[in-house]
Amino acid sequence: MFLTKGLAFAISQIGSRYMYSCQARGVPPNKQVLSALSKAKLKKARHEVSSLVILLDDIKDTDFHPLLDLLTEADLSEIDAVDIINRSVCILSWEYLLALVRASSRKLRVVDLQDILFGKDFLLDLAQHGLPCQVLNLRSSHFRKLNMIGNFTRMHTLNLDFSASLTNFRQDCFICMPNLKFLSLCETRITNLWTTTAALAKLPSLLELRFQNFLQDDAAQKHAASDRRNAYWDSDHMENSIHDEAPSVSGENIMYRLFNEEDQYLNNTDMNLDVSSETEDSSDDSEVDFSSQDRETSFMELLPDVPPGWEDLVNLQNEVSFGTLEMQDDEEPFFRLSDTRLPYITPKKCISRNPSPICFEKFYREYMIASLPDLKILDNLPIRKVDREKAELIFSQKFEHLPYKRMYKESVVSILQKREIKANHTHGFSPRRKSHYFYSRSLSAAKVGSVAWPALRPLSIVGTTARDDRRSYRPRQFEYHPSDASLMVFGTLDGEVIVINHESEKIVSYIPSLGAMNSVLGLCWLKNYPSKVIAGSDNGSLRLYDIRLMPTTATGSHQSAGSIMFDDFDQLTSVHVNSTDELFLASGYSKHVALYDISSGRRLQVFDDMHREHINVVKFAHHSPSIFATSSFDRDVKLWDLRQKPNQPCYTALSSRGNVMVCFSPDDQYLLVSAVDNEVKQLLAVDGRLHLDFSITSTGSSQNYTRSYYMNGRDYVISGSCDEHVVRICCAQTGRRLKDVSLEGKGSGASMFVQSLRGDPFRDFSMSVLAAYIRPSSNSEIVKVNLLASSDQDKGHSYPRHSPPLFSSGG
């Protein structure tokens, strides 16, 4: 029974109706509900905000129907707000819970839940249908990706702090939240600056964002917290900041602590505080992890696959000095508190608490500020005019807004029209006619700029044996073909060599291990004889194969036709053929390099003690048949010339860490050197002088082996490391970062790491990545990445090609 329009139930009336509903259903009234009604009535009598606070810990399934009636009628009553709180336990079924939180569609204010208690179906329903609340707090949510598509139009505050499974956002996860102003994501696993800002840019009302808590020394912190508490308590508005008191050791926020003091909270506060623990959530039915039940577990403990050394990085960056941050005279503080002389606005030293990994990216704060121009507060620190000016300067120096130095986005149609009419300018006057390369680069820039989540497609490498048993392979190394854009060769951990058409995903040639090879670590195509490939394994076996003479499936017989055996090179890690296909070099876990003659199959010479430690990779130049480079874990990179009977290198370049690999740019103008833990540099090949240091953030791990190659000829550099799940893309001429691509494994807890990678020599802004899972039971995958296509599009095979083709290879 409902009142007519314009009238409102008194709180005592809906209390009586609740008692009647309980009696009609034969259940006793819930004491907590009666207490909540009594406290709401008392607040109304004191002319305070009368909030009805329902604590789910005390609600059972038998209480559901009377409580549902009560909450339904709350919209038509004198109650000002309904808050539904779950502190630690809840025996109410998730279907009943969702019905309760959706019953009060106009008065529902705060929903504070520990969602791990309710399971995957609860999260899916929540994400798909939404909630009518203003504040949503999902403590320790176990989403992997945020994908909210329901109705969240009333929500202004969202908190997913301590959601240790959350790594990324779906493209449109925030478009259903037009009024969201405050978002907190502390101690999540979010890392990618590009996809994060692309998702957050779709929040038109976002004012405050937090990936970490910046705190000061204890005295200043206490003073600021006291001011904020008084302001919250006295406020009559719901749209306050998500700032909270300094977190406790366990990382809990003020809202959660106050709920633990239920009586004090209900009697002395009105929940108008702007709750720092409000969160929103989104669900992926294949990527929700409910393995952890411990709310107090720290971020590190929840992440068993955190790369070694990451803990040290957290400790190193735990205290961050920002100098003196003073509010400009012409700027009005965003937050209005009782004392405008807030010590935390001008801190000399800030302490970072509960940071997400994204906070350790170089220039994180500047990137976020430059990318989100309407943001007012980041990580509890106000964004001032001087901060924004600095951020714009840093962004222009360290990041590429669009490829090929394009400064603004253009539509593909506009660029095509200008190309057809041979337009002399795009924006502004240009006296020179644009070349074909100008337009092709503009097209690429337009496509890359419109794709925040590039297309990633794992190759389906499934073969057929002689017994018709379907089996999957375990790739360990791969190389694109130098002249056929559709072919790729990969070697496996089981010693097989397989040539695949990576466009159709059909096996072209299958070469079994022949009982001689272990993991295939070295592969190199011959350029003048494109049907031939050299393969070397870690047990030293070296062979030359002609793929025209090899079957497409395993036949069960050991075939040696079309193959040439070379003398073994023990503990081999790398092979490379020179530009004339006459010679190749082999290196490995030794200080020596061996030179082989391909036509005769003989080993010509072993160059002893070329380095002080083992030589991981050796590479010939692309155009000079006698020039080659070696990279060693002794930290040296050396250039050699066979014509000088290499007793002494042409020059030596030093890295600060052990070198993992080296390669020449396609035109041999540069050497790209990758050392342990993201030390990536570009040297002038002529004399070894430093040309660029790409300044990629280190993790602190001595086992974080980094590999880098060229993409789009020598225009861009792609870099990845074996302790990280991200591929970084940088301009090879300026060093500026263009984009990061994050790899995502299948299923919860299936973290992927970059084992190797190659730029596609035929397709602009395309590459393949050999990604390994942390789980020993999971096979590695070759993942094709197309930066010109969106992940929500059909991952077809229409890629723009270079003209002429460029060759890229590596050990």
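In the annotation of an unreviewed UniProt entry, the chain is listed under the name DWD hypersensitive to UV-B 1 N-terminal domain-containing protein and assigned to Datura stramonium.

1. Structural notes on the overall build of the chain
Within the chain, the secondary structure is distributed over 15 helices and 44 strands. Here the chain holds 811 residues, and the buried ones make up 61% of them. Sequence-distant contacts in the chain: of pairs separated by 6 or more residues, those separated by 24 or more amount to 62%. Just so you have it, the chain exposes about 32,400 Å², and 49% of that area is on carbon and sulfur atoms.

2. Let's talk about helix 6 (residues 193-200)
Each full turn of the α-helix corresponds to 3.6 residues, which orients residues three or four apart in the same direction. Most of helix 6 sits inside the fold, with seven of its eight residues counted as buried. Among the residues making up helix 6, those that are buried are Leu193, Trp194, Thr195, Thr196, Thr197, Ala199 and Leu200. Looking at the buried side of helix 6, the elements it contacts are strand 7 (168-169), strand 8 (182-184), strand 9 (208-210), helix 12 (364-371) and strand 41 (737-742). Where helix 6 starts, the residue carrying a side-chain oxygen 2.8 Å from the main-chain nitrogen of Trp194 turns out to be Asn192.

3. Some points on the sheet that holds strand 35 (residues 670-675)
Here four strands make up an open sheet; going across it, the order is 34-35-36-37 and the pairing antiparallel. The two strands at the open ends of the sheet, each matched to only one other strand, are strand 34 (659-664) and strand 37 (690-693). On average, adjacent strands in this sheet sit at an angle of 20° to one another, irrespective of strand direction. With six bridges joining them, strand 35 and strand 36 (residues 679-684) adopt antiparallel strand pairing. Residue pairing for strand 36: Tyr670 is matched across the bridge by Leu684.

4. Quick look at the packing of helix 12 against helix 13 (residues 385-398)
The contact between helix 12 and helix 13 brings their axes to 8 Å, and the two run at 105°. Considering their axes alone, helix 12 and helix 13 lie roughly perpendicular with respect to each other. Residues Glu366, Tyr367, Ile369, Ala370 and Ser371 of helix 12 pack against Asp387, Arg388, Lys390, Ala391, Ile394 and Phe395 of helix 13.

5. Side note on the packing of helix 1 (residues 11-25) against helix 3 (residues 64-74)
Interhelical geometry of helix 1 versus helix 3 gives an angle of 155° and a closest axis separation of 9 Å. In terms of their interaxial angle, helix 1 and helix 3 are classed as roughly antiparallel. Every pair of crossing elements has a handedness; the one defined by helix 1 and helix 3 is right-handed. Between helix 1 and helix 3, the contacting residues are Ile14, Arg17, Tyr18, Ser21, Cys22 and Arg25 on the first element and His65, Pro66, Leu67, Asp69, Leu70 and Glu73 on the second. Its residues assigned to classes, the contact of helix 1 with helix 3 shows six nonpolar, two polar and four charged.

6. Digging into the pattern of salt bridges
Scanning all chains against the criterion turns up 27 salt bridges. Between Arg17 and Glu73 there is a salt bridge, with the nearest N and O atoms lying 3.5 Å from each other. Linking Arg17 in helix 1 with Glu73 in helix 3, this pair joins segments that are 56 residues apart in sequence. For the salt bridge of Asp387 with Arg384, the shortest nitrogen-to-oxygen distance reads 2.4 Å. In this structure Asp387 comes out as buried when scored by relative accessible area, which is 13%.

7. Regarding the side chain of Ser674
Following the sequence through the fold, Ser674 ends up in strand 35. A distance of 2.9 Å separates the side chain of Ser674 from the side chain of Ser708, its partner in a polar contact. Excluding residues that lie within four positions of it along the chain, Ser674 makes contacts with Asn659, Val660, Met661, Glu679, Val680, Thr706, Arg707 and Ser708.

8. Some thoughts on the environment of Asn151
Tracing the sequence through the fold places Asn151 in the loop between strand 5 (145-146) and strand 6 (157-159). With 25 residues separating them in the primary sequence, Asn151 and Leu126 have C-alpha atoms 9.5 Å apart. Apart from residues lying up to four places away in sequence, Asn151 is in contact with His129, Gly130 and Leu131. In this structure the side chain of Asn151 is engaged in a polar contact, spanning 3.0 Å, whose partner is the side chain of Thr153.

9. Looking at the packing of aromatic side chains
Evaluation of the coordinates by the stated rule reveals 21 aromatic pairs. Arranged with centres 5.5 Å apart and planes meeting at 75°, the rings of Tyr404 and Tyr716 form a pair that is edge-to-face. Remark: Tyr716 occurs in strand 39 (residues 716-721) and Tyr404 occurs in the loop between helix 13 and helix 14 (412-420); sequence separation between them is 312 residues. Both residues of the pair, Tyr404 and Tyr716, belong to the buried class. Centroid distance Phe620 to Phe628: 5.9 Å. Interplanar angle 65°. Geometry classified as edge-to-face. Judged by relative accessible area, which is 1%, Phe620 ranks as buried. A relative accessible area of 0% means that Phe628 is categorised as buried.

10. Quick notes on the confidence of the model for the chain
Considering every residue of the chain, the mean pLDDT works out to 79; 75% of them sit at 70 or more. Every residue in residues 1-6 is under pLDDT 50, and counting partners more than four places away or in other chains gives nine contacts. Of the regions scoring below 50 in pLDDT, residues 290-347 engages in 124 contacts with residues more than four places distant in sequence or in other chains.

11. A few points about unusual backbone geometry
With phi around 60°, Phe363 is a residue other than glycine that occupies positive phi space. Along the chain, Phe363 falls in the loop between strand 12 (350-353) and helix 12. A relative accessible area of 29% places Phe363 in the partly exposed class. The backbone of Asp379 shows a phi angle near 55°, a positive value even though the residue is not glycine. Along the chain, Asp379 turns up in the loop between strand 13 (377-378) and strand 14 (381-382). The exposure class of Asp379 is buried, given its relative accessible area of 0%.

12. Details of the sheet that holds strand 28 (residues 593-597)
The four strands lie next to each other as 26-27-28-29, forming an open sheet whose pairing is antiparallel. Of all strands in the sheet, those with a lone pairing partner are strand 26 (572-577) and strand 29 (603-607), marking the two edges. The average undirected angle you get between the axes of adjacent strands in this sheet is 20°. When strand 27 (residues 583-588) meets strand 28, the two strands line up antiparallel, connected through four bridges. In the sheet register, Leu585 faces strand 28, and the bridge partner there is Leu595.

13. Thoughts on the environment of Ser574
On the secondary structure map, Ser574 appears in strand 26. Within the structure, the side chain of Ser574 is placed 3.3 Å from the backbone nitrogen of Val618, a separation counted as a polar contact.

14. Re the UniProt feature "repeat: WD" (unreviewed entry) in the chain
Following the UniProt record, the feature "repeat: WD" (unreviewed entry) maps to residues 608-643 here. When the span residues 608-643 is considered, its composition is 0% helix and 50% strand, and the gap between its end C-alpha atoms is 17 Å.

The rules behind each value
- Residues numbered from 1 in each chain as written.
- Predicted model: local features only at pLDDT ≥ 70, side-chain atom pairs only at ≥ 80, totals over all residues.
- Heavy atoms only, no water.
- Helix = DSSP H or I, 4+ residues; strand = E, 2+ residues; numbered from the N terminus.
- Buried < 20%, exposed > 50% of the residue type's maximum accessible area, 1.4 Å probe, protein only.
- Contact = heavy atoms within 4.5 Å.
- Areas by Shrake-Rupley, 256 points an atom, 1.4 Å probe, with all protein chains shown as cover.
- Polar contact = N/O pair within 3.5 Å; in protein donor to acceptor, adjacent residues only side chain to side chain.
- Pairing = 2+ DSSP bridges.
- Axes fitted to C-alpha atoms, helices over the stretch in contact; angles between N-to-C directions.
- Parallel < 35°, antiparallel > 145°, perpendicular 65-115°, else oblique.
- Left-handed = near helix turned anticlockwise from the far one by under 90°.
- Nonpolar A, V, L, I, M, F, W, Y, C, P; charged D, E, K, R; others polar.
- Salt bridge = Lys/Arg side-chain N within 4 Å of Asp/Glu carboxyl O.
- Phe/Tyr/Trp six-rings, centres within 6.5 Å; stacked < 30°, edge-to-face > 60°.
- pLDDT = per-residue confidence, 0-100.
- UniProt positions renumbered as here; feature names shortened; annotations may be inferred.

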